[in-house]
Structures are given as C-alpha cells and as structure tokens.
Amino acid sequence: MNVSGRDTLKGFKGPFKGKGGAERRLEELEIEIFSVRERMKNLVARYKATFRAPAPAYLTTHSREAGVAVRWRTRGRNGRQYHFDLLDPDSDHARIFLRVMPRETWPVLLQFEMERLALNLEASLAEHERRRVRAYIAAMHAARQFEKSALDAEGGFSLDAQLPSR
C-alpha cells in the first residue's frame, strides 16, 4: 500500500495552534507552576505568622514525584512528625489537633484548609498537564522523525523505515 505524502503529519491539526504551540503551552505551564508554588510558600508563611510556635501542627510544602503540595504536619523530631488531612474523620492527628486548638480558631483554620485544597488542586492539574504536554512533544518529535526517515523518493512510505528510538 502506497500512501501519498499529502497524507502525512503536515496536514495534522493537533490540540495546539501553529508550530510551537505545545512549547508555548509548556512555557505558560512553567510560569503557572512557579506562581502556584509562590502562593503555597505565602500560605505557609501566613499560617506561621497567624499561629506562632509552638502550635501542635503547621502547614508545610511537601515535594513529591508528582509535584509540590501543602500539607498539615504535626510537630516532632527525628521522624516523629506526621502528615494528616485536617478534615479527615479517620485521622487521630486531625482530631487531636482540633481538640487542642481553641474553638474560636477553627474558622481561621478552615480558611487555611480551603486555600490549601485549592492550591493543591491547581498545582496538581498544572503538573499533570505539564507531564502530558512534554509527552506529546516527545511523541510528535518521534512521529516527525519517523516520517522523515520513512518517506521514499516517490512520496510514499517505505516499509524499510526504522522506528525512532526514545
């Protein structure tokens, strides 16, 4: 089967506008992720300014493979700190923390929790999209490399073309 060169990637309309659209989106995501991380740091600093040490728990940024998140963490030393979700009904650490904190601080804690949840979602979505856009760029590059190596002199595809290595 011989497919003409017209049917190659040149006519493909991807999810991004124009050449370099994916790279531009990747740059936008980098800026967005940086902004979210700055707002996370600001949230942690505001919490520390609002609830001075020694509060029984505090907010901290936590780096993980999927990105950065703001988490609640108990005080402790030598690995005796625990991360917990403030509103987890099954978390002993959350229950203890809320019992220790004066009831009049709960609305403020809830406000910090809601901002923490929103920032974590925003960061998670941007990090996921960044991973997907990077994978898309790599796959499109591989497809274009294959296309270049596979087109024969007549504008059709050669069955002897090598698949690109990643």
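Here we summarise the structure given alongside this text. (Residues numbered from 1 in each chain as written. Predicted model: local features only at pLDDT ≥ 70, side-chain atom pairs only at ≥ 80, totals over all residues. Heavy atoms only, no water.)

With that settled, consider the overall build of the protein chain. A count of helices and strands for the protein chain gives three helices and three strands. The N-to-C order of helical and strand elements in the protein chain reads α-β-β-β-α-α. For the protein chain, the residues scored as buried account for 29% of the 166 residues in total. Long-range pairs, those at least 24 residues apart, make up 52% of the contacts in the protein chain with a sequence separation of at least 6. As displayed, the protein chain has an accessible area near 11,700 Å², and 54% of this comes from carbon and sulfur atoms. (Helix = DSSP H or I, 4+ residues; strand = E, 2+ residues; numbered from the N terminus. Buried < 20%, exposed > 50% of the residue type's maximum accessible area, 1.4 Å probe, protein only. Contact = heavy atoms within 4.5 Å. Areas by Shrake-Rupley, 256 points an atom, 1.4 Å probe, with all protein chains shown as cover.)

Moving on to the environment of H83. Tracing the backbone shows H83 in strand β3 (residues 83–84). Judged by relative accessible area, which is 28%, H83 ranks as partly exposed. As a C-alpha pair, H83 and H93 span 10 residues in sequence and 8.3 Å in three-dimensional space. Setting aside chain neighbours within four positions, we find H83 in contact with T60, H62, R71, W72 and R73.

Evaluation of the coordinates by the stated rule reveals seven aromatic pairs. Between the aromatic rings of Y47 and F51, the centroid separation amounts to 5.0 Å while the plane-to-plane angle is 35°, which identifies the pairing as tilted. A relative accessible area of 1% places Y47 in the buried class. Ring geometry for Y47 against W72: centres 5.3 Å apart, planes inclined by 85°, an arrangement best described as edge-to-face. A residue pair is termed long-range when its members are at least 10 positions apart, and Y47 in helix α1 (residues 21–50) and W72 in strand β2 (residues 67–74) qualify at 25 residues. Among the aromatic residues, those joined into a ring-pair cluster are Y47, F51, W72, F84, F97 and F112. (Phe/Tyr/Trp six-rings, centres within 6.5 Å; stacked < 30°, edge-to-face > 60°.)

A few words on the sheet that holds strand β1 (residues 57–64). The antiparallel open sheet is built from three strands, whose spatial order is β1-β2-β3. The sheet is open, and its two edges are formed by β1 and β3, each paired on a single side. (Pairing = 2+ DSSP bridges.)

Tallied over the entire structure, the rule returns 13 salt bridges. With a shortest N-O distance of 2.7 Å, E122 and R39 are connected by a salt bridge. Placement of E122 in helix α3 (residues 106–150) and of R39 in helix α1 is noted, with a sequence separation of 83 residues between them. Accessibility expressed as a relative area gives 27% for E122, which makes it partly exposed. Across the pair D92 and R95 runs a salt bridge, and its minimum N-O distance is 2.3 Å. Placement of both D92 and R95 in helix α2 (residues 92–100) is noted, with a separation of three residues, approximately one turn of the helix. A relative accessible area of 47% means that D92 is categorised as partly exposed. (Salt bridge = Lys/Arg side-chain N within 4 Å of Asp/Glu carboxyl O.)

Moving on to the nonpolar core. Ranked by internal contacts, the top residues of the largest apolar core, which has 22 residues, are Y47, L59, W72, F97 and L109. Within the residue set of this core, elements represented by two or more residues are α1, β1, β2, α2 and α3. Top element by residues in this core is α1. It accounts for five residues. The residues touching L59, leaving out its near neighbours within four places in the chain, are L43, V44, Y47, K48, V70, R71, W72, F112 and R116. Counting six residues, the second largest nonpolar core, distinct from the first, contains A22, L26, L29 and V133. (Core = buried A, V, L, I, M, F, W, Y, C linked by side-chain atoms within 4.5 Å.)

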